[in-house]
Amino acid sequence: MARALPTFKSHAQRDDAFLEGHTLCPGCTEAVAFHEIGRATDNGRKTLVALGTFCGEVSTLLYPNVISWGRGKREPAEVEKSVGIIHNVFESAPTVAEAMSDTARVLADVGAWKGPQPNVISVSGDGGALSIGLRSLLHSIHRRARVTVVVYINEVFANTGFQYSPTSLPFADSSTLPHGGAAEPIDHIGLAIVAGAGYVAQATTGYAPFFAECVEEALAAEGTSVIFVPAPCITGWKFEEGLTAELGRLGSQTGLFPCFRKKRGEPGQIKHVPEKAKRPGVEQFLVGQQRFEHVVRAVDGKPQIVPGRESDVAALQSYADRNVERLEKLALFP
Amino acid sequence: MTSRAQALKERLARGDSIDLRGYGKAGGGLMLAVQAFAAALAKVPELDVQDWPLFSSARKGATVCAYLRVARGKVEQSSAVSEPDVAVLMNEAAAEDADFAEGTKDALYVVNTWHSPEMAAGRYRLGGTVVTIAGDDLGRKYLNRPLANVAVLAALVRTTGLVEPVAARASLESRLVKRRLPRRIVDANLAMFDTSLEQMRVGQFPPAGHPRKPFTGYGRLPAGAQSALRTSVHNRTSGYGRPGVKVEFADPLSKCNGCSLCVVQCPEGIIQFDADPARGTLVHGARFADFCKVCRECVTACPLDLFKELVASTRPEGHPVEA
Amino acid sequence: MQIVGTYGARYENAIDLSALRGAHQPQYAARTEIAVDGNTAAAIPFLQWWRAPIMAGFPITPSTKWLEHLAAVVGAGKCGKAKRVKLLEAEHAAADYLVGMAGSCRELIAGTATSSVGLDHMTETVRSLGASGLGNVMIVNVCRATANYPLCIEGDPSDHFAHRDDGFIQVMCRGKQQIYDTILQLPAVGMNPRVLTPTMPGFFGIKDSHRSGKLVVEPDEAVNSFLDEALASTEPTPPGLLDGDTSMGSCVTSAYFQGFKVGQKARLQAALDVIPRVAGLFEKRFGRRGIELFEQFAMEDAEVALVCLGPDAGTAVQQLPRMRDELKARVGLIVLRVLTPFPSVALARALRKVNAVGVVQHAYHHGRGHIALDLADALAESGRLLPTESFFCGLGGADVSPSTWREMARLTVSCAMRGKPSRRWHLLHEGHELSEEN
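These numbers come from a predicted model, not from an experiment.

Draft legend 1. Quick peek at the overall build of chain C. A count of helices and strands for chain C gives 14 helices and 19 strands. The C-alpha atoms of chain C give 22 Å as radius of gyration, which agrees with the globular expectation for 438 residues (22 Å, within 12%). Based on the C-alpha atoms only, the size of chain C along its principal axes is roughly 70 × 55 × 45 Å. The proportion of buried residues among the 438 residues of chain C is 56%. Long-range contacts, defined here as pairs at least 24 residues apart, represent 79% of the contacts in chain C between residues at least 6 apart.

Draft legend 2. Molecular detail of the interface of chain A and chain B. Each side of the interface is counted separately: chain A has 42 residues, and chain B has 41 residues. Within the residue set of the side of chain A that touches chain B, elements represented by two or more residues are helix H1 (7-12), helix H2 (29-40), strand E3 (66-67), helix H9 (234-238) and helix H10 (244-253) of chain A. No other element matches the four residues that H2 of chain A contributes to the side of chain A that touches chain B.

Draft legend 3. Geometry of the domain arrangement of chain C. All names here are of chain C. The domain boundaries assigned to chain C delineate domain 1 (25-286) and domain 2 (294-433). Each partner contributes residues to the interface: domain 1 has 25 residues there, and domain 2 has 20 residues. When residues of the side of domain 1 that touches domain 2 are traced back to their parent elements, those giving at least two are helix H7 (158-162), strand E8 (169-172) and helix H10 (254-286). A total of five residues in the side of domain 1 that touches domain 2 trace back to one element, the largest contributor, which is H10. Residue composition of the side of domain 1 that touches domain 2, by class: 14 nonpolar, five polar and six charged.

Draft legend 4. Main features of the interface of chain A and chain C. Listed by partner, the interface residues are 43 residues for chain A and 44 residues for chain C. Those elements that provide at least two residues to the side of chain A that touches chain C are strand E1 (47-51), strand E2 (61-62), strand E4 (83-87), helix H4 (93-109) and helix H6 (134-142) of chain A. Here the side of chain A that touches chain C gets twelve residues from one element, more than from any other, and that element is H4 of chain A. Residue composition of the side of chain A that touches chain C, by class: 25 nonpolar, eleven polar and seven charged. For E4 of chain A and strand E11 (residues 244-248) of chain C, the ladder comprises three bridges, and the chain directions are parallel. Looking at the pairing, glycine 84 of chain A lines up with threonine 246 of chain C of E11 of chain C.

Conventions used here
Residues numbered from 1 in each chain as written. Chains lettered and ligands numbered in written order. Predicted model: local features only at pLDDT ≥ 70, side-chain atom pairs only at ≥ 80, totals over all residues. Helix = DSSP H or I, 4+ residues; strand = E, 2+ residues; numbered from the N terminus. Rg over C-alpha atoms; globule rule 2.2 N^0.38 Å. Buried ≥ 20, exposed ≤ 12 C-beta atoms within 10 Å, placed from the backbone. Contact = placed C-beta atoms within 7 Å. Domains from an automatic or database assignment. Nonpolar A, V, L, I, M, F, W, Y, C, P; charged D, E, K, R; others polar. Pairing = 2+ DSSP bridges.

Printed below as a string of structure tokens:
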């Protein structure tokens, strides 16, 4: 008796709602994540998507010839395979998605919508969900909107040219904060949990099996699901081609962006973070990204701390270690 | 002074502007080249200069344009550069979907290519002064990557005669420093500039027309830009890839075991496979020619090394730059 | 499944609107006369429409009662499963919510009410809606003085005027009946395939929102069948997100944007055509005048005209005989209703026989006034300029007394005799001139 395929493999064989021909950069994490979401939502339910304003919108919803969404080669015969996608304004995606979800529910309650409740997805960058968009994110969560909110975190306002964002790691160079600053990033996972999300996950596309499971769990959860996707940004972070998935994995292993998932009312799980003794140091993650070149540099293929920057690296290491500890506590939040 | 440089000088003396338009790929250095040229021109006391990029949301790999307008006294004109006097092609991939010579008849063309001026003139149907420089090669030599902007800048400086090479070099240096690049990289760029000044080739050709495409109206646009889906599938994005490389899939022994990692890591979603409900996606290729941006995620992901990055050049391996 | 133009596909059977219609619980079975305030008059249509299953909102003085009334009626179980009230955390969220709802199904009516800084808070979405083609969105603006320094929560139309170019069809209402009737008609205008533009009815905070008066409400069945008849069209309904395979709100480059604005402007102008048709159908059904471009009083023989808007016009209507008698001049009155698109041609025509105009404005303006400029433009377009006095009064809900009206009439009559205005603008209160020499 053949074992069922793992989630990500069975998703890979579904009809994708996200298509080729978009203008995202080569190796963009957002595109990889869009494909997984596009495939996971081929599950017999109508799919509704609300996009904020971010790279993922301007590069996939550009009239007339870069609309890179749609399941199948042409308009499907059944409404369950169809896709309705909208871009409103920067920070509004969670609220727009909530409205789409509520509308479907009200129509179902009176018998006007007979199918299963649609997949309703909101996707924003970290600007549109955690900076200017923090109000809309937290309140949709608080109202238990039945929506899956996906937040791509690339630590910068990328669409406007890679400026500092509240999710930026300390000492990361950006155009509005050269060489970065000491401030630690906002605790997005903590905020989502405390606001009452039904499901919170942080998942990198670099760990495809975990990522796909989180997407599947998010679509099925009660209340609001939030998936934070650490999104290595090849053009903003300036790294070589072919490292997107690897950096995603290193981000988890170092403790900077651990893989995490938690259902409300149940203990959460941290994954793909080795125990402290075996954990790679943060410099493994920082090396090879030009935005950290003033802090860590590659010498003979090995990361070397730039003289005078030892305390910066120590601060980043401390942040990573405390981040894991904090997530261990958050995993136990009721 | 060449006859072309003389002709440009006379244009300025008459009170006309010199318009420049460049085509390239995002990340290919076109902006820096045009900005550095503009900054050098701005230091010439009797000249005024404006430079600007085509404003677009696409970033790495997309086709981009840069514009420059220089005149004696003051540049008043604000409309688009649609009939350039100088047309630049920074990356040949940018010319696949657009005519970089549109609106010209007898202009100064500066092309980053290993081809000779004769080959370039024939290939792109150019009439006027054609300047070619093997900028990708120079970039590989000095910067370890096929980045041709400094070479093209040198060619512009030399063939327009509008600024002294020394002034252009200083302007380039200050631009690079302003971008917070490490000093060794700045120095490498300057060395490349110096060499490039002597490395271009020039040819003269009879005028050839590239008439401007006229505006024929907006048509009836849908309220709220509401649109059907799937329009991107005709948008060939293979031009986004770094020049000179491509990815290929080869599995002559049918080793692919359906692990599906390439399928899920490909940002373009172009891996081709047969679906096996027991094993996974059995891959047999990918739509490289039309959509691959050479991001290498498949190369990194495949545990069996079935994807490889290869040199892709119209120039045969080891062939010298054309005489 | 039906392909609709270049919009994508629509699945005609995906949403069974008859089930939504069937779930509606009528609020009024027959024509009924009640006494309510302006906010309540504006709320009742939302309770009567089967097309409005969700009403979204956030409280702000002086529109709060609109939301409270809906919440009270729905909360008391009077609407069954067919209606919800959605409480958002901010006005911006309310507008975003309307987008998602209206975009999901183009046959539903998605509405909210707000005022002043609340309307300002949602501006980026309001401006987006104005271009979106989502004519099934309605934002009721209970006009209130905008901004702070100092804060004033009483009514003047400065907020309505600040949002002139947001792209909404703006209509001003005065009195409970106009408020109710106008809201009943506006979706028929906004959702018309030639228009596809959201609507923004307005009425003054406090002077209309917080004053009670008689209101004749029509039975739900008639309200809904009127709208169904007004909306009947041979054009296919555009797909919504829920019942379609489609995208909305893409971005464009400068190569295209202008073309979209050409279309948006044409659709807004088409409202000037569609409004009289809808009004005609309304009058036939209910025996009352529908939305007029502007009201006219004593204009048949008028030598001078006062042009105004809002509830204070009522004082002018009442003072007209005294003005005529005391000034020995034939004073007429025009009360503007449709503000955007501005009915320039019709207004110039209505003023073709007068010798001077007095424009009465209640919104702060940097110059002669919003309406003064629109009027001058309309007259210039018609080829006939008129001497015009520009008046400001009633800012921030200040009282506009009968003596102020009579003074404005007197100044306008003088203007006609002199052939030009006495100054660039006046600011009047209790019949006194307050502005400095200008």
